[in-house]
Structure formats: C-alpha cells, structure tokens
Amino acid sequence: RHIPPPSETEEEKYALAANQRSLALGWCEIQDPGGSWEDVALYRKLYGEGKLKIRIYKAIYGPGPEAERLLREGPEVGEFDHRLTVRAIKVVADGALGSRGAALLAPYSDAPGESGYLTVKAEALRPMLVEALKRGIQVEIHAIGDRANRFVLDEYERAFQAVPRGERKIAAPRWRDEHTQIVNPADLPRFAKLGVIPSMQPSHAIGDLFFAPRRLGMERLKGAYAWETLIKSGVVVPGGSDAPVERGEPMIEFYAAV
C-alpha cells in the first residue's frame, strides 16, 4: 500500500522558499544572525534530505540558555559538505532608529524626551564574552545608536583585556559590531585599534534617508553611515543586506554602497 510522504511543515516551506530566493538572487552563502537550536535542527533535517542547497553560517541568540549550549558543546564547522556552520552568538544591544529605540548618547533631535534604550545588561553579557573567547565562539552584537556602539566597543575591550591572547582558542577573533549605523566620531578609530569588524549594511543608508536627519540632527550625521572613514582607518567593512528587514538584493546593496 502506498503511504504518502509527510507534508512539509510551515517552517520547512519558509526555509525552502528562502533557499530558492537567495540562490535566484545570486547568493551562495547567507548568515542567519540569531535564532535557536530548533533552527539548527531544521537546517540539518533539510540538508540531510538534500533539499537545502545554500550555505548557512548560523548564529544563536544570547546571552541565555541557547548560547550557553553553544559555549558548552563548542562550534560545528562545515557540516554537510561545508554547507552549515554554527559557531557564533548574536546579541541585540538596542532598538532601531526609525522607532527611536536606538540607544543614543543624547536625546533624539525630534523627540527631546527620548534617547532610546539598551536591551542587554553588561553583567549578563560580560561572562558570556569571556567564555566565548576561551572557547573559540564568534560574537556579533546589533548596535544602531552611538550609545549602543560605544557600549559594544567597551564590553569587547573589557573581554579582550580579561582574556590574554594565550588563553583564547582563537587569538584574534573576528567579533563584529552589527550595523554600526551611528557612531560618535571619537569612537570611530577604536574599531581598528580593537580589531572589531564594523558589519554594515549599505541599504540602511538609503532606507533611513528620509528620517535620519530628523532623528539625529545634522551634527550627529557626521558619525553615521561612516563607511569611508572606517575603511580608511584600516578595518574591513564586509557589507551585507540585513534581509528580510531589507530586500536582500545584491544590486541594491552595491548601489547604496557606491
């Protein structure tokens, strides 16, 4: 008797649709910044069935139990013929500029009573960063506002000082400051000094074009979307798209970067 195969779950349908769209746009690898071990289990199932083709570099949300599991078990690099790697923790340090959730050093120009907020506490973050250095786990922290970016640089610096190179599994980790949208000019040279990667998405500059001057005022824009300054300081700016927040189309990103 013929038994029909089980139908795909909604999660599997979404993953396979994303796989097809990404390949059609010309991507051969994506970074999935955040999520849970359930995501990893889904990817492993689809890779095992031969359905998922694109390469995925997966990060797990932290601090918390999900990140603690990664720290405990260690990274998995190059599973399924170099298609799946799980070796990073994603942290969110503040909100977005459009909603005035990005953490600023001074109030918003168009809302003097608001300055955004940090979404992670230093006391929860610090022990995780120290453990990540010792165990060879990469870290990427979402930071939009100048206060959040300074917070991330400060916490990375404290972790680097707490764990000398000889005690790290990876002597020079490629830790990232994710978005790096608004940075106080005094903090711009710190990326090269600390070896922190400003992981910026070009389309944010054109996506925020119509409200960023209003939110920040013209003076603070001097440290916003500062691609050229950061590149000239000696750091690598890897780019990216921030899809699905942005469209994820390569030509849009190239256009915005130029």
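In what follows, the structure referred to is the one given above.
Now for a look at the structure at hand.

## Concerning the side chain of K58
Here K58 is to be found in strand β2 (residues 55-61). Residue K58 is classed as buried on the basis of its relative accessible area of 0%. A polar contact of 2.9 Å, which involves the side chain of K58, links it to the side chain of D32. At 3.0 Å, the side chain of K58 forms a polar contact with the side chain of D39. When neighbours within four sequence positions are excluded, K58 is seen to be in contact with D32, G34, G35, S36, D39, V40, Y43, T85, V86, R87 and A88.

## Digging into the nonpolar core
Side chains of a nonpolar character, in soluble globular proteins, are inclined to be buried together. Counting residues in hydrophobic clusters, the biggest one holds 53 residues, and the most contacted among them are I89, L125, M128, L129, I141, Y156 and W175. Those residues in contact with L129, other than ones at most four positions away along the chain, are V139, E155, Y156, A159 and W175.

## Thoughts on the pattern of salt bridges
Any two side chains of opposite charge can pair, so long as their charged atoms come close to each other. Tallied over the full model, the rule gives 24 salt bridges. Between R190 and D154 there is a salt bridge, with its nearest N and O atoms 2.8 Å apart. Of this pair, R190 sits in helix α7 (residues 190-194) while D154 sits in helix α6 (residues 146-162); the two residues are 36 residues apart in sequence, bridging distant segments of the chain. Residue class for R190 comes out buried when judged on its relative accessible area of 15%. Here D187 and R190 are joined by a salt bridge, their closest N and O atoms 3.3 Å apart. Through salt bridges with shared partners, a single network forms among R150, D154, E157, D187 and R190.

## Topic: the pairing of strand β6 (residues 176-179)
The sheet contact formed by strand β5 (residues 138-143) and β6 spans 4 bridges and is parallel. Residue A143 lies in a different strand from β6, and its bridge partner there is H179. The parallel pair β5 and β6 is bridged by α6, and the resulting crossover is right-handed. Where β6 lies against strand β7 (residues 197-199), 3 bridges are found, and the strand directions are parallel. In the sheet register, D177 faces β7, and the bridge partner there is P198.

## Observations regarding the packing of helix α1 (residues 10-25) against helix α2 (residues 37-48)
Between α1 and α2, the least distance of the axes is 11 Å, while the angle of their chain directions is 70 degrees. With respect to each other, α1 and α2 are oriented roughly perpendicular. As for the relative orientation of α1 and α2, their crossing is right-handed in sense. Seen from α1, the contacting residues are E11, E12, A15 and L16; seen from α2, they are L42, K45 and L46. A breakdown of the residues in the contact of α1 with α2 according to their chemical character gives 4 nonpolar, no polar and 3 charged.

## Side note on the environment of E178
Turning to its location among the elements, E178 is positioned in strand β6. Sequence separation between E178 and G207 is 29 residues, and the spatial gap between their C-alpha atoms is 16 Å. One polar contact links E178 to R176, side chain to side chain, over a distance of 2.8 Å. At 2.7 Å, the side chain of E178 and the side chain of S199 are in polar contact.

## Comments concerning the packing of aromatic side chains
Within this structure, the stated rule accounts for 4 aromatic pairs. The interplanar angle of 20 degrees and the centroid separation of 5.4 Å between the aromatic rings of Y47 and F80 together place this pair among those described as stacked. A residue pair is termed long-range when its members are at least 10 positions apart, and Y47 in helix α2 and F80 in helix α4 (residues 79-82) qualify at 33 residues. The exposure class of F80 is partly exposed, given its relative accessible area of 32%. Summarising the aromatic geometry, the rings of F160 and W175 are spaced 5.4 Å apart at their centres and angled 40 degrees between planes, so their arrangement reads as tilted. In this pair, F160 is assigned in helix α6 and W175 in the loop between α6 and β6, connecting sequence segments 15 residues apart. Here the aromatic cluster, defined as three or more aromatic residues joined through ring pairs, consists of Y156, F160 and W175. Directly above the aromatic system of W37 lies the positively charged group of R69, at a separation of 4.1 Å from the ring centroid.

Parameters at a glance
Residues numbered from 1 in each chain as written. Predicted model: local features only at pLDDT ≥ 70, side-chain atom pairs only at ≥ 80, totals over all residues. Heavy atoms only, no water. Helix = DSSP H or I, 4+ residues; strand = E, 2+ residues; numbered from the N terminus. Buried < 20%, exposed > 50% of the residue type's maximum accessible area, 1.4 Å probe, protein only. Polar contact = N/O pair within 3.5 Å; in protein donor to acceptor, adjacent residues only side chain to side chain. Contact = heavy atoms within 4.5 Å. Core = buried A, V, L, I, M, F, W, Y, C linked by side-chain atoms within 4.5 Å. Salt bridge = Lys/Arg side-chain N within 4 Å of Asp/Glu carboxyl O. Pairing = 2+ DSSP bridges. Right-handed = clockwise from strand over helix to strand, strands pointing away. Axes fitted to C-alpha atoms, helices over the stretch in contact; angles between N-to-C directions. Parallel < 35°, antiparallel > 145°, perpendicular 65-115°, else oblique. Left-handed = near helix turned anticlockwise from the far one by under 90°. Nonpolar A, V, L, I, M, F, W, Y, C, P; charged D, E, K, R; others polar. Phe/Tyr/Trp six-rings, centres within 6.5 Å; stacked < 30°, edge-to-face > 60°. Lys NZ or Arg CZ within 6 Å of the ring centre and 35° of its normal.

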